[in-house]
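Here is how the chains run, residue by residue.
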Amino acid sequence: MTAIETNETTSATPWHLSGNQAPVFDELTVTDLEVVGAIPTDLAGRYFRNGANPQTGSSVHWFVGDGMVHGVELADGRANWYRNRYVRTPVYANPDRDRMEMAMDPETMAVDYRVSTGNTSVVGHAGKIFALEEGGFPYQLSPEIDTLGPWDFDGKLTTAMTAHPKVCPVTGELLMFGYGFLPPYLTYHRVDASGRLVQSEEISVTGPTMIHDFAISRNHAIFMDLPAVFDMELAMSGGMPIHWSDDYPARFGIMPRTGSDADVTWFDVEPCYVFHTLNAYDRDDTVVVEGCRMPEIWRESSAMEPGDGAADDSMSPALHRWTFDLASGTVSEERLDDQPSEFPRVPDSLVGLDGRYGYTMALAFGGGDGEILKYDLANGASKTVHRFPEGHIPGEPSFVPAEGATSEDDGWLLTFVYDGPADSSYLVVLDASDVAADPVAEIKLPRRVPTGFHGAWFADQP
């Protein structure tokens, strides 16, 4: 397929297909990439990042285009290659067919979870790499980003799988869930370190709600039952089938990680929506959850246009903390920062544990500099900022520990950056212990990488 790329926004082009959101259409393999600075020699592996990239050039919403994964391999201080590949799913193979029609049997209402875009995140577990999207099964990828096919954990997975599973750094378990618009609305799954699905539990929620993410602590799974609810009328019209409801209660559920529905303790919270959690941890008789909270989402429109009421500063996500007291059944909530930000991450080695640092990507819907934010959560969430040149917009930061690291922030932050003035992209390496400093390295990419969603680092195995 060939197409002319353009970054011009016209009245006929929706925001999610304009500027750096516009899709790219070719799949490249380019070796010996140009490097500015010096790539740390202990970075040995691949950085992959997923995102929606409609092969037809058109989609009804930013979240629904075909998945495309962009990747860079680093080793011995060199950038060996850049690759970008579509995730080969039934949606990709049938660009002119309606997804709902392919996925659902109208007589039995059974859902074929192989029908997916695989467009949201990439996660590694038990020697496998998965491209994920919350409406279907994971799709396994090769280390070269070729699609190997859907994965259902040897037939044991019978629901969709979240795009945000959590890998416990202590047990090696993969903890995850699937939500649906028909019962069961929420199902929790636990996969052991070897990759076997060993537990599935239906969790009672108020109704069909969009649950994009959850959190884990060392001992608990934390579910968010929030007022973004499914609308069948919107679904049948082909739009994003979610809208805000003032009648749906907002609550968090906390369950022992090996527990069941009967073991969930529910806490009412102020109405909000949370696309992404930063982390959670146990502290005495409390569970602490940190994430990027919005007061509401998609009340009037799900278009997510800048300034449409769903994506301006007043309604944007910002870092918050909830503290749940399991003994008293009470919850306290505090805003940690007024600056809008999203795509929160902690080091993989501290998922579910009480760590000191967290990282987010600043949001500036009215314009402004691109920024990566580093929070010192042990010191009032004080903030250090890496500010990119004017017109350079980063994505979600991924932390990679340095070889022989001696502190929690001894390592590197990796993300793709869009260079607006040059209409090009690069992979940046920042020193996580000195975020405000100049980049350690910039790996120039042979093509523009459209604004996407979530990335991950896959280290070479020793």
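This is a predicted model, so every value here is computed, not measured.

> I tried to follow the pairing of strand S6 (residues 121-125) on my own but got confused; where do I start?
Two faces belong to every sheet, and in a regular strand the side chains alternate between them. Here S6 lies mainly inside the structure; four of its five residues are buried. Across five bridges, the pairing between S6 and strand S7 (residues 128-132) is antiparallel. What sits directly across from valine 122, in S7, is alanine 131. Between S6 and S7, which pair antiparallel and follow one another directly, the connecting turn spans two residues, one of which, alanine 126, has a positive phi of 50 degrees.

> Could you clarify how one ought to interpret unusual backbone geometry in this entry?
For residues besides glycine, phi is generally negative; the peptide bonds are generally trans as well. With an omega dihedral of 0 degrees, the bond running from proline 183 to proline 184 counts as a cis peptide bond. With respect to the helices, strands and loops of the structure, proline 184 is situated in the loop between strand S11 (174-179) and strand S12 (186-191). Notably, alanine 381 is not glycine yet its phi reads approximately 55 degrees, a positive angle. In this structure, alanine 381 sits in the loop between strand S26 (371-376) and strand S27 (382-387). Classification of alanine 381 as buried rests on a relative accessible area of 6%.

> Any chance you could explain the confidence of the model for the chain here in plain terms?
Parts of the prediction with low pLDDT should not have their coordinates interpreted in detail. Averaged over all residues, the pLDDT of the chain equals 93, while 92% of them reach at least 70. Taken together, the stretch residues 1-10 has pLDDT below 50 and engages in 16 contacts with residues farther than four places along the chain or on a different chain.

> Looking at this structure, I do not really get the pairing of strand S20 (residues 273-283). What am I missing?
Counting buried residues along S20, nine of its 11 residues qualify, which places the element largely inside the surrounding structure. Across nine bridges, S20 lies against strand S21 (residues 286-294) in antiparallel orientation. Counterpart to alanine 280 in the pairing with S21 is valine 289. Between S20 and S21, which pair antiparallel in sequence order, lie two residues; one of them, aspartate 284, sits at a positive phi of approximately 55 degrees.

> What is the right way to look at the sheet that holds strand S22 (residues 318-325) in this model?
Neighbouring strands of a sheet are bound in pairs by backbone hydrogen bonds; such pairs are parallel or else antiparallel. The strand order across the open sheet formed by four strands is S20-S21-S22-S23, and the pairing between neighbours is antiparallel. The sheet terminates laterally at S20 and strand S23 (330-335), the two strands that pair on one side only. Strand after strand, the sheet turns through a mean of 20 degrees between neighbouring axes, direction not considered.

Basis of the calculations
Residues numbered from 1 in each chain as written. Predicted model: local features only at pLDDT ≥ 70, side-chain atom pairs only at ≥ 80, totals over all residues. Heavy atoms only, no water. Buried < 20%, exposed > 50% of the residue type's maximum accessible area, 1.4 Å probe, protein only. Helix = DSSP H or I, 4+ residues; strand = E, 2+ residues; numbered from the N terminus. Pairing = 2+ DSSP bridges. pLDDT = per-residue confidence, 0-100. Contact = heavy atoms within 4.5 Å. Axes fitted to C-alpha atoms, helices over the stretch in contact; angles between N-to-C directions.

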